[in-house]
Amino acid sequence: MARPKKAPAKRGRKPAAKKAEAPALPKAVVAATKAVEKATKAVAAQQTKVEAAEKKAAAAKTKATAAKATAAAKRAATSANAKVKAEKAKLQTVKAALREANTALKVAEIEAKAEATAAAAKEAAAAFEASLAAKADADLAKAVADFEKKWRKARAKQDAAKVKARAKKEDAKAKTAAKKLKAKAAAAEKAAKPKAKPGRPAKAKPAAAKDAAPKRRGRPPKAAAAAPAKDAAPKRRGRPPKAAEAAPAKEAAPKRRGRPAKAKAAAPAKDAAPKRRGRPPKAAAAAPAKDAAPKRRGRPPKAAAK
């Protein structure tokens, strides 16, 4: 299998990496730095003046201390010494200004550092807030997805139960409607059939002997019922009326509702013994005959064979 060709590499120099730009210094630090630089230059210039004055003072002292020193030389030495003192005093003043400038620079740098720290803290808080917001969005999306999944699962279960109940209800409705329709169809079918005359069907009249049908096997037909009498009342359908009850006797006592009264017990005879409670005594056995054989226990003997 042929290998895929690589894309040709681009020729030319690689672009130089961009240098990170130094953060801009605060204006207070810049001003304090300039003041320190100015004070440093002033101190250096004043130090040069002091050294020059000291050289002049040394030369004037040499002339004033010579054997043949004049008054002018001595006055020059005195003025040179005064000049040295004045320049040194100025040098101390310039050095004090330089110290103040350095102190101001340190204060400005500290304040700038504090401001930078506060700004960094704000930036960190803002970045943390942004990260929390992004995380909250992600967590919210996840929570919404989980909730939607659970909700849909529970809703599907509820809907399935509702559908099952509705299907059962509709099935019952359909069965009831089908039953009613079947009843209507049966009623219509019954109404379409010709109605038979009420009562027992009329019996066929017997034909003449010549035209009589051949003898039928089985039980012969019943004889025709006799015609009812002219004066007889028409037969009434249903249960016959009850017989009229006999009128109660005039002297008869009115009928009492409930259980009839008990019959009065007969009075006991005067000479009769008082009734004994419990089982009655046994009847006395008859006395055995003198010539009778004693009673034998066990099975009686067999009769003698003839």
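Parameters and conventions
- Residues numbered from 1 in each chain as written.
- Predicted model: local features only at pLDDT ≥ 70, side-chain atom pairs only at ≥ 80, totals over all residues.
- Heavy atoms only, no water.
- Helix = DSSP H or I, 4+ residues; strand = E, 2+ residues; numbered from the N terminus.
- Expected span 1.5 Å × (residues − 1).
- Buried < 20%, exposed > 50% of the residue type's maximum accessible area, 1.4 Å probe, protein only.
- Contact = heavy atoms within 4.5 Å.
- Salt bridge = Lys/Arg side-chain N within 4 Å of Asp/Glu carboxyl O.
- Core = buried A, V, L, I, M, F, W, Y, C linked by side-chain atoms within 4.5 Å.
- pLDDT = per-residue confidence, 0-100.
- Axes fitted to C-alpha atoms, helices over the stretch in contact; angles between N-to-C directions.
- Parallel < 35°, antiparallel > 145°, perpendicular 65-115°, else oblique.
- Left-handed = near helix turned anticlockwise from the far one by under 90°.
- Nonpolar A, V, L, I, M, F, W, Y, C, P; charged D, E, K, R; others polar.

> Quick one: what's the story with helix H1 (residues 27–64), residue by residue and with numbers?
End to end, H1 covers 55 Å across 38 residues, agreeing with the expected 56 Å (1.5 Å per residue, within 8%). Taken together, the buried positions of H1 are occupied by Val29, Ala32, Val36, Ala39, Val43, Gln46, Val50, Ala53, Ala57, Ala60 and Ala64. At its buried positions, H1 is contacted by helix H2 (71–192).

> With reference to specific residues and values, describe the pattern of salt bridges.
Counting across every chain of the model gives five salt bridges. In this structure, Glu54 engages Lys88 in a salt bridge whose closest nitrogen and oxygen atoms are separated by 3.3 Å. Note that Glu54 is positioned in helix H1 and Lys88 in helix H2, a separation of 34 residues in sequence. Overall, Glu54 belongs to the partly exposed group, its relative accessible area being 34%. A salt bridge links Lys83 to Glu87; its shortest N-O distance comes to 3.5 Å. Residue Lys83 and its partner Glu87 are located together in helix H2, separated by four residues, close to a single helical turn.

> Quick one: what's the story with the nonpolar core, residue by residue and with numbers?
With 13 residues, the main nonpolar core has Val29, Val36, Val43, Leu98 and Leu105 as its most contacted residues. Not counting residues up to four positions away in its chain, the partners in contact with Val43 are Leu91, Val94, Lys95 and Leu98. Ala53, Ala60, Ala80 and Val84 belong to the second-largest nonpolar core, a separate cluster that totals seven residues.

> Report on the confidence of the model for the protein chain, specifying residues and quantitative values.
Summing up the model confidence of the protein chain, the mean pLDDT is 77 and the portion of residues at 70 or higher is 65%. Residue range residues 246–251 is modelled with pLDDT below 50. Its contacts to residues more than four positions away, or to other chains, number zero contacts.

> Just give me the short version of the packing of H1 against H2, but keep the residues and values in it.
In the contact formed by H1 and H2, the axes pass within 7 Å of each other and the chain directions differ by 165°. When the interaxial angle is binned, H1 and H2 end up roughly antiparallel. Note that H1 runs across H2; the crossing there is left-handed. The class makeup of the residues in the contact of H1 with H2 is 27 nonpolar, six polar and twelve charged.

> Explain the environment of Val30 to me, using residue names and the numbers behind them.
One can find Val30 in helix H1. For Val30, a relative accessible area of 34% gives the class partly exposed.

> Which residues make up H2, and what values go with them?
Look at H2: 174 Å from first C-alpha to last across 122 residues, which is about the 182 Å you get at 1.5 Å a residue. Those residues of H2 that sit buried are Ala73, Ala77, Ala80, Val84, Glu87, Leu91, Val94, Leu98, Ala101, Leu105, Ala108 and Ala112.

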